[in-house]
Amino acid sequence: MDERSHYRACNLCEAICGLEIKTRGNAIVAIRGDAEDPFSRGHICPKAVALKDLHEDPDRLRQPLRRTANGWESLSWDSAYDYAAERLAALHGEHGADAIAMYLGNPNVHNYGSMTHAQRFLGLIRTKNRYSATSVDQLPHQLLGYWLYGHQLLVAIPDIDHSDYFLVLGANPMASNGSLMTVPDFPKRLKALQARGGRMVVIDPRRSETAAVADAHHFIRPGGDAAFLLGVLKTLFDENLARPGRLAEFSDGLDTVRAALAPLDAATLAAASGINAADIRQIAHDLAAAPRAAVYGRMGVSVQRHGTLCQWLIQLLNLVTGNLDRPGGTLFTLPAVDTIDSPLSKPGHFGKWRSRVRGLPEFGGELPVAALAEEMLTPGAGQVRALITVAGNPVLSTPNGRQLDRALAGLDFMLSIDFYRNETTRHADLILPPTSALEHDHYDLIFNVFAVRNTTRYNPPVFPRPDDARHDWEIFEALGARLAAQLGTPRSPYPRPEQLIELGLAAGPYGAQRKHPLALNLKTLAAHPHGLDLGPLQPQLPQRLQHTDKRIHCAPPEMLAELAQFCAELQGAPDTAVAPDLNTLQLIGRRHVRSNNSWMHNYTRLVKGPERHQLLMHPSDLAARALQTGANVTVRSRIGSVVVAVQASEDVMPGVVSLPHGWGHNRDGVQLDIARHHAGSSVNDLTDETALDPVCGNAALNGVPVTVAAA
Ligand SMILES: Nc1nc2c(c(=O)[nH]1)N[C@H]1C(S)=C(S)[C@@H](COP(=O)(O)OP(=O)(O)OC[C@H]3O[C@@H](n4cnc5c(=O)[nH]c(N)nc54)[C@H](O)[C@@H]3O)O[C@H]1N2
Ligand SMILES: Nc1nc2c(c(=O)[nH]1)N[C@H]1C(S)=C(S)[C@@H](COP(=O)(O)OP(=O)(O)OC[C@H]3O[C@@H](n4cnc5c(=O)[nH]c(N)nc54)[C@H](O)[C@@H]3O)O[C@H]1N2
Ligand code: SF4
Ligand SMILES: [Mo]
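Quantities reported herein were computed from a predicted structural model and do not represent experimental measurements.

Now for the site of ligand 1. The local shell around ligand 1 holds 29 residues, among which Tyr103, Asn106, Ser397, Asp418 and Ser598 are the closest. A distance of 2.6 Å separates an oxygen atom of ligand 1 from a polar backbone atom of Asn106. Note that an oxygen atom of ligand 1 is positioned 3.1 Å from one of the side-chain N or O atoms of Asn111. Taken by itself ligand 1 offers 920 Å² of open surface, and the protein chains cover 96% of this. Grouping the constituent residues of the shell around ligand 1 by class yields 14 nonpolar, eleven polar and four charged.

If you want it as structure tokens, here you go:
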């Protein structure tokens, strides 16, 4: 049989690296980086090679499975759809739409057919109980995009290819390969930045893989970032270093912010952040002096108590230094399928309804996932009785996972669309497994929007869809048709995912409808299997703003209120909020290049070698507890406890411990044979569903107070 080369973008993380996948018949013979991809230039990480293991994994489900008194039984697609539609329609009829909750996990955003068709399916159910991984992740970024710039997907991306000064808070792109910054080959791009005399400064409670290659690294107390950022911003204002330039012409509210910062004093801010006042001042000076600079923050500053405040201050720093919308600063993309200036997505809305039990606000139609378990466990009208999960594992990925685990066991009905029986889907009554990534086509509807260059590509499937397999979008369509019939809802025909892309390309900024010379369509993209570079990010403001007044709304009232609240806390009790007592440590997360959230642990290639889910602890904290590397320790929080192995590390700050999320695979009913032997413990058995960012209800997964003792 002949060998064939297939080119496609990797769907595993946000870096969207180009891959060359060599096949012989049905076999994958090699996966390597695609040197001809103009964006990733051959970069690849170990996870991509495991796409082969994923495709071939005997644990990967290929048939619908129904839970019965005698265990799991496979059934035909038709019977499975009928069963699901009947159960959902019955619960809908008896208890109303809100009794059915839906949770969309992270891999949905890497699977464009799932994105396009899940929305239509949701429209059919019309439940207010919609949840996703957004509220354990990038919710603050989307909310601020909506408030400041008028659209939840208007996220300003660091232009690191042209920057001279890159200030990074709570992000570890050397391990994560970038987030809300699609940046294949971060290491090489960083080297180029440093080679042209630029500097990267990292602020992180751990000397991360990224901090290790930075020009400077400052330890910060977990949760101390808002104080640090306020210190930098205030220095710029106080020392007349604010130079918003032409941005001032279409920005409102900067003076209000400046006035709100006036009473703060540098020493208090320094103490609350754990970074000394001289360093904060120096960073402000360096930022102001750099011709082109970008401030960027991710999980460590997004998913903590002051996440929205931090992300707001980051936007303001880029704005007042004139770096927003400037090459080398932070800019908005202009993607080929424009999900911003088009009917493909909505700008957003906030607080249109609230969760039933705790009154948490929706954003863009979704409630904070920290509320999901209580909505199931609390009786009364509107109680959640059924759940649909798609490509997710909230038992391992959302706060107080054990509580959710218990809640799932009590549901009337649960449907999971997933190709693994994981810690969450093991509770399902029915599992519908979609095709593997290599059996469907691929377009990055989302990550092109967050990329450090404008880029586009479409790739056909590597393998044909087996006759008895279904794509995620086909599952939504078939199930939707049956459910619509049961509910008596009329249903119109809908394009296939690639037809939606074709329409989007034609209507988009490089399409025929806008008379762009490239006139992009699927045929042009087929002629460019390695992807098509559409150039560096370009200034687009104020035109790109989606507020009708075409202005940046710098000072949303909600943010001013949050700032006032933060300042009051700071003056009141500067230290107790951060370090309640001497025995308490602060728990933070971490990522490893060979792991991917709660999955990709079932492949020997990625999990072999030393385990990677230990608790990292500073030697002085080990000594204070008479502990040694390798010992099993009990980590305890308000929520519960886990037993893990501890490892000494000079890289974490004293008083801080670090544990990665997504582990804890040794639970009954999980069908992940290899992962089970590398089980680890779930950090989200410790994170607290009541510890939230007060602005929007995003989970505060970093900075969890814990104690550690010998097990
Ligand atoms: N403590 C702590 N918790 C965290 C984080 C943290 O940093 N710390 N990070 C958070 C973040 S950023 C995220 S994004 C979440 C992730 O949390 P989730 O989105 O809930 O979980 P994942 O591990 O991404 O889900 C993977 C599941 O999707 C399935 N899957 C993969 N591809 C497909 C597909 O194409 N179709 C279908 N139907 N299923 C598929 C896999 O089989 C697997 O079961 O975790 C969050 N939780
Ligand atoms: N290999 C791999 N790559 C991934 C993923 C994966 O699981 N594995 N997940 C993907 C997903 S879904 C996402 S969202 C991205 C996330 O991408 P990143 O945000 O780049 O990844 P993290 O490793 O979570 O980085 C968070 C950093 O914040 C630090 N931190 C913790 N608390 C604080 C704090 O209070 N303040 C400050 N300043 N820093 C703090 C941590 O020490 C850590 O270094 O990665 C994506 N890429
Ligand atoms: S960095 Fe991300 S996109 Fe690139 S090969 Fe690795 S997992 Fe795939
Ligand atoms: Mo994420």
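A few words now on the packing of helix H9 (residues 225–238) against helix H14 (residues 307–320). Two numbers describe how H9 lies on H14: the axes approach to 9 Å, and their chain directions differ by 25°. Classified by the angle their axes make, H9 and H14 are roughly parallel. By crossing handedness, the relation of H9 to H14 is classed as left-handed. Residues Asp225, Ala226, Leu229, Leu230, Val232, Leu233, Leu236 and Phe237 of H9 pack against Leu309, Cys310, Leu313, Ile314, Leu316, Leu317 and Val320 of H14. Residues that form the contact of H9 with H14 fall into these classes: 14 nonpolar, no polar and one charged.

The next subject is empty space enclosed by the protein. One pass over the full model with this rule turns up eight cavities of 30 Å³ or more. By volume, the largest cavity amounts to about 170 Å³. Lining the largest cavity are 18 residues, with His141, Val155, Ala156, Gln311 and Gln315 sitting closest to its centre. At five residues, the largest contribution of residues to the lining of the largest cavity is made by helix H5 (residues 139–149). Here the second largest cavity is characterised by a volume of approximately 90 Å³. Around the second largest cavity sit Cys10, Leu12, Cys13, Ala15, Ile16, Cys17, Leu19, Ile44, Cys45, Lys47, Ala48 and Asn177, which together line it. Taken together, the residues that form the lining of the second largest cavity break down as ten nonpolar, one polar and one charged.

Attention now moves to helix H18 (residues 472–487). Its 16 residues place the ends of H18 22 Å apart at the C-alpha level, agreeing with the 22 Å of an ideal helix rising 1.5 Å per residue. Residues of H18 that are buried: Asp472, Trp473, Glu474, Ile475, Phe476, Glu477, Ala478, Leu479, Gly480, Leu483 and Ala484.

Inspection of every chain in the model, using the stated rule, returns ten aromatic pairs. With a centroid separation of 6.3 Å and an interplanar angle of 50°, the aromatic rings of Phe419 and Trp599 are classed as tilted. Residue Phe419 is found in the loop between strand E18 (413–417) and strand E19 (430–432), and its partner Trp599 is found in the loop between strand E25 (585–588) and helix H22 (604–607); the two are separated by 180 residues along the sequence. An identical accessibility class is assigned to Phe419 and Trp599; each is buried. A cation sits over an aromatic face here: Arg66 above Tyr83, 3.7 Å from the ring centre.

Moving on, we come to the sheet that holds strand E9 (residues 165–169). Read across the open sheet, the four strands follow the order E11-E10-E9-E13; overall the sheet is parallel. One side of each edge strand has no neighbouring strand; the edge strands of this open sheet are strand E11 (216–218) and strand E13 (293–297). For this sheet, the mean angle separating the axes of adjacent strands, direction not counted, is 15°. For E9 and strand E10 (residues 199–203), the ladder comprises five bridges, and the chain directions are parallel. Residue pairing in the sheet places Phe166 in a bridge with Met200 of E10.

The rules we used
Residues numbered from 1 in each chain as written. Chains lettered and ligands numbered in written order. Predicted model: local features only at pLDDT ≥ 70, side-chain atom pairs only at ≥ 80, totals over all residues. Heavy atoms only, no water. Near = heavy atom within 4 Å. Polar contact = N/O pair within 3.5 Å; in protein donor to acceptor, adjacent residues only side chain to side chain. Areas by Shrake-Rupley, 256 points an atom, 1.4 Å probe, with all protein chains shown as cover. Nonpolar A, V, L, I, M, F, W, Y, C, P; charged D, E, K, R; others polar. Axes fitted to C-alpha atoms, helices over the stretch in contact; angles between N-to-C directions. Helix = DSSP H or I, 4+ residues; strand = E, 2+ residues; numbered from the N terminus. Parallel < 35°, antiparallel > 145°, perpendicular 65-115°, else oblique. Left-handed = near helix turned anticlockwise from the far one by under 90°. Contact = heavy atoms within 4.5 Å. 1 Å grid on protein atoms, 1.4 Å probe; cavity = no way out; pocket = protein on both sides within 12 Å on 5 of 7 lines; lining within 4 Å. Points joined across faces, edges and corners; volume = space filled by probe spheres on them. Expected span 1.5 Å × (residues − 1). Buried < 20%, exposed > 50% of the residue type's maximum accessible area, 1.4 Å probe, protein only. Phe/Tyr/Trp six-rings, centres within 6.5 Å; stacked < 30°, edge-to-face > 60°. Lys NZ or Arg CZ within 6 Å of the ring centre and 35° of its normal. Pairing = 2+ DSSP bridges.

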